[in-house]
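Listed here are the chains, written in short residue letters.
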Amino acid sequence: MSAPKASASGVVGAILGIVGMSAIAGILVTAMVTPALAVTGIAANNSIGMFENLPSYIKPDTLAQKTNIFATKSDGTPVLLASVFEQDREEVGWDQISQYVKDAVVSTEDPRFYTHGGVDVASSLRAAAGNAAGTSASGASTISMQYVRNIQVQKAEAIQDPAQRDAAYAEATKTSIDRKLKEMKLAIGLEKSYSKDDILLGYLNIAPFGGRVYGIQSAAQYYFSVNASDLTIAQAASLVATVNAPNDLNIDNPANVADNQARRDKDVLPSMLKEHTITQAQYDEAIATPVTPKISQPSTGCQTANDYAAGFFCDYVTHIVKNDPAFGADEDTRWNNFKTGGYQIYTTLDMDLQNAAMAAMNSYVPKSKAEAGFDLGSSLVTVQPGTGKVLAMVQNKDFSADPDVTATNDGATAINYSTDFDYGGSTGFQVGSTYKIFTLAEWLKTGHSLNDVINGNAGTLNLAQFKDSCLGDPNSGPYAVVNDGGSNPGNVTVMQATANSVNLAFLRMAQKLDQCEIRKTAESFGVHRADGSALTEFPSDVLGTNEVAPLTMAAAFAGVAADGNFCTPIAISKILDANGAELPAPTSTCSQAVPANVASTMLTALQGVINGGTATLSNPNDGIPHFGKTGTTDSEKDTWFVGGSTTLATAVWVGNVVGKVSIRNTTISGNSGGNVRHYIWKQYMTDADGKYGGDAFPAPDPTLLNGVKVAIPNLAGMTIDQAKAAITAAGFDFQDGGQVDGTAAAGTVASSNPEGFTNKGSTVVVYTSNGQLRTVPDVNNKSLKDAKAAITGAGIEANQIIVQGPNNDNSIVTGTNPGGGTVIRYGTDQLRITTK
């Protein structure tokens, strides 16, 4: 908003119409020509008394300046992602402004600026006489008075309450006697406190130049694409012409160019020539130069960061400011401070990684519904282990906060899929089996090992067997679950279950743990629901039914990579205020989520996922060790891979923004939908590894890897119920393997798997005998009579015996088929005896 100049029918004329020519002349002459009265407050008459009662001091506030958001290039130089502002202003110093600008302003607006005391008495009297006579005359507002008015306008515009702001603006710009006298008095006070050059500099930095362009530097950059120090005479005169009527003479509107040039040529340049600040030759050259704007649109808002594939990251930074109390008492105050504070915000974004991430995303995931065939979304986020720095953040859409754009372009959105609702509008996505790492962590924390054996077959579990110390009474009833793809792998080690993402193995592991503690372990890694509600801890949550943001999962896996040390994500590395002083930036808070030996053992299992497990397709195979975990949700509507190295942790999500289309059963850009997450991750991490590298992961804890071997009880002769009691008492999980052919009595234990020793807590499968097998005794060199007796005594029926050779009681047995020690089926298998 501009502070308009007084005209021939302006304020001084209004004053004269009320108090008369003699009164205003008395005020001007006595208060401004006689400095002692103005300084000491001595009143000469009633008019002087009125003048002296006005406030005499005004201090320029810190000017509203645009805030800039930067990323970092590979050589360490900053890259401007976007600017956010209410007023496009960049404050500059005296030496950063062309002398032509200073001369143009003084020559045109206030030729006696360097000689008067804040109010130009001669100009005021001339303006008053002109008004009284009804003839045109120059205005009476000096540069100091205009500066005062702009300060008051700036103060008004900084008020947050709309009604109060409008009232203050009206007061600062109204045409009235008291407002004009107040400006005069404040201008006198201003000149007592500041030098002439400081006042002129302040005026040039505060002045409006049309629209949201304020200050000579932003005006020079916007209208002519140069710095204020490089303005030519013609350009300087054109900009100075603008301040007379900023929204009528701004040259970004082609309709205003002729009027701007007319004022430049008829007012500004002639004034400069008259005041001898330019030569005749310079004047002639400037007059001959047409006003030719070269508009440079400012980087306004985060949509301009799309040029660097960083619109959503930029938006995330703005939400950090809105949500962090360090920037103000409430969201409105924080946002206003952000838009007007002139901050220089340097972020953690690595442009090399950002570009690689966007390239990988664009290679495999289309933006529009028309291309994908449904509302397809995808996100990639990278967090640095040990610091929490967010190094990359992309998705398969362009950022736009413009409802008109998002209503007509389904390849654009304001929703940031990577972040929580409070930081971008997303409520998150079910994370599937990526959540299993927290059951794995709790498993190891409680002393179990990776080589413990668990039943991985599909089955119906009893919800009452899931312990929860926080919720109290457990759920009850059956819980039927299948493995991905319907597999039934049998008994598997926890290492195998992790590599192959065996649902039933992890649910049976969870039955040995506390659901509350699993949830707390997830929270220790910073995991929380994206919608802000509390994490749930139902048995099904072991398989990842909570909706979580990709950024949260990337940060959690970064904590695993950093020896169990979780660091909260940060996106801002440094903040400078408008004066270049460093301000406190939000910091990462790091804490030990799990002991280091637990984390190293987790990494051993999670390396198996990418080395031959469910994420083999993600493996860059570039010599850098990697780990990770896949995730697929109900109806296959969301697919994930989250993993990393010792230096980077990256989450990739590919799924439905809205709807339940099976990603696995869909072709996306010519690829199987279920594999797209792997292709993105592999391409991106191959590039990222080239820059950041990675070291070998620490060795696992030997005990947590191998477990403590415990003897399995001797089950010989036991019934199945007796065996179950013995197995559970010894600290194992019992599994009834059913009946098998056996030599033991029917209904008693035939065997177990494993036998001898195994890890405490492992599953022991017990098989009962059906009693249908008999062991052939060794009868070589016995008489046939004694041999038959021994054979029938072993439970083999006589009709199963076939004699080959002499068949009398005294015949000598030379061999049997099958031989001694071999088992045969009772009643059906034949036993051949050879005699001589």
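These figures come from a predicted structure and were not determined experimentally.

Colleague: Is there a simple way to explain helix H22 (residues 503-511) in this structure?
Modeller: Along an α-helix, residues three or four positions apart point the same way, because every turn accommodates 3.6 residues. Counting buried positions over the nine residues of H22 gives nine, a clear majority of the element. Within the span of H22, buried status applies to Asn 503, Leu 504, Ala 505, Phe 506, Leu 507, Arg 508, Met 509, Ala 510 and Gln 511.

Colleague: Where do I start with the state of the cysteines in this structure?
Modeller: Simply put, disulfide is the name for a covalent bond between the sulfur atoms of two cysteines. Within this structure, the stated rule accounts for three disulfides. One disulfide bridge connects Cys 302 with Cys 314, the sulfur atoms lying 2.0 Å from each other. Sign of the S-S torsion, about -70° for the bond between Cys 302 and Cys 314, identifies this disulfide as left-handed. In this pair, Cys 302 is assigned in the loop between helix H14 (280-287) and helix H15 (311-323) and Cys 314 in helix H15, connecting sequence segments twelve residues apart. Cys 314 matches Cys 302 in its accessibility class, with the two residues each being buried. Shown here is the disulfide that connects Cys 470 with Cys 516, its sulfur atoms set 1.8 Å apart. Residue Cys 470 is found in the loop between strand S10 (459-462) and strand S11 (478-481), and its partner Cys 516 is found in helix H23 (residues 515-524); the two are separated by 46 residues along the sequence. What makes Cys 470 partly exposed here is its relative accessible area of 38%. Here the disulfide map of the protein chain reads 1-2, 3-4, 5-6, the bonded cysteines being numbered as they appear in the sequence.

Colleague: Sorry if this is basic, but what is going on with the pattern of salt bridges here?
Modeller: Opposite charge on two side chains lets them pair, provided their charged atoms get close. Tallying each qualifying case throughout the model produces 23 salt bridges. Among the salt bridges present, the one from Glu 442 reaches Lys 445, with a minimum N-O distance of 3.3 Å. Of this pair, Glu 442 and Lys 445 both sit in helix H20 (residues 436-445), separated by three residues, roughly a single helical turn. Assessed through its relative accessible area of 5%, Glu 442 is described here as buried. Among the residues examined, Lys 445 registers a relative accessible area of 37% and is labelled partly exposed. Where salt bridges share partners, they join Glu 109, Arg 263 and Asp 267 into one cluster.

Colleague: Explain a negative patch on the surface to me, please; I cannot follow it from the model alone.
Modeller: Residues Asp 330, Glu 331, Asp 332 and Asp 422 make up a contiguous surface patch of negative charge. With respect to the helices, strands and loops of the structure, Asp 422 is situated in the loop between strand S7 (412-413) and strand S8 (429-430).

Colleague: Any chance you could explain the packing of H20 against H23 here in plain terms?
Modeller: For any two helices packed against each other, one specifies the crossing angle of their axes together with the interaxial distance. At their nearest, the axes of H20 and H23 sit 9 Å apart, and the two run at 110° to each other. As the angle between them shows, H20 and H23 are arranged roughly perpendicular. Between H20 and H23 lies a crossing whose hand is right-handed. On H23, the residues touching Phe 438, Thr 439, Ala 441, Glu 442 and Lys 445 of H20 are Glu 517, Ile 518, Thr 521 and Ala 522. Within the contact of H20 with H23, the residues separate by chemical class into four nonpolar, two polar and three charged.

Colleague: How do you make sense of helix H7 (residues 143-157) when you look at a structure like this?
Modeller: End to end, H7 covers 21 Å across 15 residues, agreeing with the expected 21 Å (1.5 Å per residue, within 8%). Most of H7 sits inside the fold, with 14 of its 15 residues counted as buried.

Colleague: Explanation requested: the environment of Ile 570 in the structure shown.
Modeller: Its location among the elements puts Ile 570 in the loop between strand S14 (565-567) and strand S15 (572-576). Each residue touching Ile 570, except ones within four places of it in the same chain, is listed here: Thr 348, Thr 387, Gly 388, Lys 389, Val 390, Pro 586, Thr 587 and Ser 588.

Conventions we followed
- Residues numbered from 1 in each chain as written.
- Predicted model: local features only at pLDDT ≥ 70, side-chain atom pairs only at ≥ 80, totals over all residues.
- Heavy atoms only, no water.
- Buried < 20%, exposed > 50% of the residue type's maximum accessible area, 1.4 Å probe, protein only.
- Helix = DSSP H or I, 4+ residues; strand = E, 2+ residues; numbered from the N terminus.
- Disulfide = S-S within 2.5 Å.
- Salt bridge = Lys/Arg side-chain N within 4 Å of Asp/Glu carboxyl O.
- Patch = residues over 30% accessible without salt bridge, like charges linked within 9 Å, V, L, I, M, F, W, Y side chains within 5 Å.
- Areas by Shrake-Rupley, 256 points an atom, 1.4 Å probe, with all protein chains shown as cover.
- Lys, Arg positive; Asp, Glu negative; His and termini not counted.
- Charge placed at Lys NZ, Arg CZ, Asp CG, Glu CD.
- Axes fitted to C-alpha atoms, helices over the stretch in contact; angles between N-to-C directions.
- Parallel < 35°, antiparallel > 145°, perpendicular 65-115°, else oblique.
- Left-handed = near helix turned anticlockwise from the far one by under 90°.
- Contact = heavy atoms within 4.5 Å.
- Nonpolar A, V, L, I, M, F, W, Y, C, P; charged D, E, K, R; others polar.
- Expected span 1.5 Å × (residues − 1).

Any functional reading would require information beyond the geometric quantities listed.
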